[in-house]
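# Geometric and topological summary
The primary structure of each chain is shown beneath.
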Amino acid sequence: MKFKALFLGLSAAAVVVSANAFAQAPIVIKFSHVVANDTPKGKAADRFKVLAEKATKGRVKVEVYPNSTLYKDKEELEALQLGAVQMLAPSLAKFGPLGVKEFEIFDLPYIFPTKEVLYRVTEGPIGKDLFKKLESKGITGLAYWDNGFKVMSANKPLRTPADFKGMKMRIQSSKVLDVQMRALGANPQVMAFSEVYQALQTGVVDGTENPPSNLYTQKMHEVQKHVTVSNHGYLGYAVIVNKKFWDGLPADIRSALEGAMKESTRYANAIAQQENDSAMEAVKKSGKTEIYVLNDNERAEWRKVLLPVQKDMEGRIGKDLIGAVNKEAAALGIK
């Protein structure tokens, strides 16, 4: 009887220990993204990990998976919806193919003349309304992270729209970007970000568009002889989570993570321009790529060719939405 009582006592203690250990097990957030650690997005993701774990006193563990180590950009949204990962920061162009075409507003050429206009959109009612449209897809939007304006790259100079004729240009899967490249006379090629370097190296595509930080950290400048600083379009990210996972978190944990995300977002947006400037300087110093900055007349010619894309996309994105974004520029006296 003594042995039986001892056995039962030890078993009960083991159950208590096991339950306590389980209760103390951290909530794991797998945060997957497709760019390098040393990009604005990569650095912001790492910053979020540190801030989130500190804010929750270790009750949350954030595992960051950069450079498509878990999923390529074509796969990651489905993985999030299925709950295989909890957090992503995909480029805003990814939501069009998901069925939320309004997000392609961010792909329109020359829609954001300045960063101030951009932030009025992402931090204001327009940005919040766009996030609401993701909820029916099982996604909760947390923040917009900046990655800057895009440059064009190729193995030939791209100074006028005529220079694009017949060029095979890699794009993200976006109807707007497809129409943009066709307006320039190029042949758009949809391709996963992780495959672009090899495609450029082997001539599968002739060129692409990127913010300088992506161009440099993916070493695309090593296989592209020319870069044109056109600032024709914008590339940003939306930090998103699986809605069911997010809604199921304890309220205090969710609040702490929201605070960490706000701080990470301030950091991401603060370093974006700095990182792009540094990347462009590094490309220049490499001596592998010639950098050309459009002059005023050339920029006016690009705008003349590309601005009609906004009109062409009204039926897809929404005339009122495009008008609302353009009003933000007009409110600042920018045409």
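Procedures and definitions
- Residues numbered from 1 in each chain as written.
- Predicted model: local features only at pLDDT ≥ 70, side-chain atom pairs only at ≥ 80, totals over all residues.
- Heavy atoms only, no water.
- Pairing = 2+ DSSP bridges.
- Helix = DSSP H or I, 4+ residues; strand = E, 2+ residues; numbered from the N terminus.
- Axes fitted to C-alpha atoms, helices over the stretch in contact; angles between N-to-C directions.
- Contact = heavy atoms within 4.5 Å.
- Core = buried A, V, L, I, M, F, W, Y, C linked by side-chain atoms within 4.5 Å.
- Buried < 20%, exposed > 50% of the residue type's maximum accessible area, 1.4 Å probe, protein only.

Once that is clear, we can look at the sheet that holds strand S9 (residues 226-229). What the six strands build is an open sheet, ordered S7-S6-S8-S5-S9-S11; its pairing is mixed. On the outer flanks of this sheet lie strand S7 (187-190) and strand S11 (290-293), each paired with one strand and no other. For this sheet, the mean angle separating the axes of adjacent strands, direction not counted, is 25°. Examined bridge by bridge, strand S5 (residues 151-154) and S9 share three bridges and lie antiparallel to one another. Within S9, the residue paired with Ser 153 across the bridge is Val 227. Where helix H10 (residues 251-286) meets the sheet, it contacts S5, S9 and S11, and its direction lies at approximately 130° from that of S11.

This part takes up the nonpolar core. One finds Phe 31, Phe 48, Val 62, Met 87, Trp 145, Val 239 and Leu 257 to be the most contacted residues of the largest nonpolar core, which totals 42 residues. With seven residues, the single largest contributor to this core is H10. Leave out the neighbours within four places in its chain, and Leu 257 touches Ile 29, Phe 48, Ala 52, Thr 56, Val 60, Trp 246 and Leu 249. Ranked by size, the runner-up nonpolar core spans 37 residues in total, among them Val 85, Leu 108, Ile 111 and Val 117.

If you walk across this open sheet you meet the five strands as S2-S1-S3-S10-S4, and the pairing is mixed. The open sheet terminates on both sides in strands that have one partner only, identified here as strand S2 (60-65) and strand S4 (139-149). Two strands pair when backbone bridges link them, and S4 and strand S10 (residues 234-242) are joined in this way by eight bridges, in the antiparallel orientation. Paired with Thr 140 across the bridge in S10 is Val 241. The strands that helix H4 (residues 115-122) touches are S4 and S10; relative to S4, the one it contacts most, it runs at about 180°. Contacts from helix H5 (residues 125-132) reach S4 and S10 within the one sheet, and its direction differs from that of S4 by about 130°.

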